[in-house]
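A closer look at the structure
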Amino acid sequence: MGTAGGGALRLPGLHGYAAEFSPYWPGRVACAAAQYYGIAGCGTLAVLEQNKAGIVLLRSFDWNDGLFDVTWSENNEHVLITSSGDGSLQIWDTAKTKGPLQVYKEHTQEAYSVDWSQTRGEQLVVSGSWDQTAKLWDPAVGKSLYTFKGHEGVIYSTIWSPHIPGCFASASGDQTLRVWDVKAPGVKLVVPAHQAEILSCDWCKYDENLLVTGAVDCSLKGWDLRNIRQPVFILLGHTYAIRRVKFSPFHATLLASCSYDFTVRFWDFSKPNPLLETVEHHTEFTCGLDLSLHNRGQV
């Protein structure tokens with residue numbers, strides 16, 4: 001685990017699955033990790049911080065199953081939610097030494113993704129599971145508010161729109177990208193995005209109609225929700241499955257992806273030669289990726 005230009009921190013015996021920068025603290029990042037590639041063993045939530053000495057471990061919390069995703073609260077700088085191989089979500093408070101504060105157990109298989117809505121005034125969390133459902137949560141309520149059904153394969157990724165309140169996207173092993181509205185039951189839009197499992201998706205921060213998908217076919221594809229017949233861009237270069245993709249918070253056409261080919265790649269889909277850089281810092285599958293909201297260029 002590391003940051004571009006910022007050194008590395010090793011967590012022996014753990015494999016990182018997700019990394020997310022704090023929206024409050026520059027240089028602070030949360031990592032969800034699992035032993036034995038999540039097949040067996042325990043999980044750890046590690047909260048790291050970059051200072052002049054390098055990357056230091058601020059706090060760590062253990063869970064009895066692998067942790068696959070993590071999201072920061074949008075209304076409390078100390079609170080995080082993780083998703084786990086036992087199908088549960090855990091709420092943690094980094095100001096406390098022990099946890100979790102709450103555990104929500106409804107998914108019947110691995111909870112592989114979790115995301116906290118960025119929309120002001122909404123305290124909504126969405127989770128996605130290998131049980132083929134997405135669930136809507138209010139962290140203050142002890143049970144889910146709604147279960148979204150429709151995917152015909154495992155859900156790998158669930159991401160809130162940064163533009164449209166109550167709207168989220170999901171990516172699945174059924175080869176589709178789907179868009180949902182919490183105010184209306186049923187799927188809003190189905191995009192047959194790849195002829196392979198889709199492991200990740202993200203919304204453009206500057207265009208409410210643009211999403212990107214990353215898949216087992218090694219490609220990234222951009223989708224304009226107003227016309228889904230064909231992608232608006234296709235980015236090729238990875239040599240194994242793309243595990244995660246994120247749009248830049250600073251540039252409308254920049255994005256980053258990481259892959260089972262051990263690389264992180266940076267792209268500008270507006271350019272004739274869109275691949276900007278390939279970083280080969282990692283010696284294992286690269287699963288987690290995030291771009292800092294505070295520091296341009298920090299990944």
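**Digging into the pairing of strand β11 (residues 134-137)**
Side chains A134 and L136 project from β11 onto one buried face, and the interleaved K135 and W137 project onto a second face that is buried too. Strand direction decides the pairing type here: strand β10 (residues 125-129) and β11, joined by 4 bridges, are antiparallel. The partner of S127 across the bridge, within β11, is K135. Joining the antiparallel neighbours β10 and β11 is a turn of 4 residues, in which Q132 adopts a positive phi near 75 degrees.

**A look at the sheet that holds strand β23 (residues 264-268)**
Two orientations exist for strands paired in a sheet by backbone hydrogen bonds: parallel and antiparallel. Pairing is antiparallel in the open sheet, where 4 strands are placed in the order β21-β22-β23-β24. The sheet is open, and its two borders are formed by β21 (242-247) and β24 (275-279), each paired with just one other strand. When strand polarity is set aside, the average angle formed by the axes of neighbouring strands in this sheet is 15 degrees. Note: strand β22 (residues 254-259) against β23, 5 bridges, orientation antiparallel. Residue pairing in the sheet places L254 in a bridge with D268 of β23.

What counts as what
- Residues numbered from 1 in each chain as written.
- Predicted model: local features only at pLDDT ≥ 70, side-chain atom pairs only at ≥ 80, totals over all residues.
- Heavy atoms only, no water.
- Buried < 20%, exposed > 50% of the residue type's maximum accessible area, 1.4 Å probe, protein only.
- Helix = DSSP H or I, 4+ residues; strand = E, 2+ residues; numbered from the N terminus.
- Pairing = 2+ DSSP bridges.
- Axes fitted to C-alpha atoms, helices over the stretch in contact; angles between N-to-C directions.

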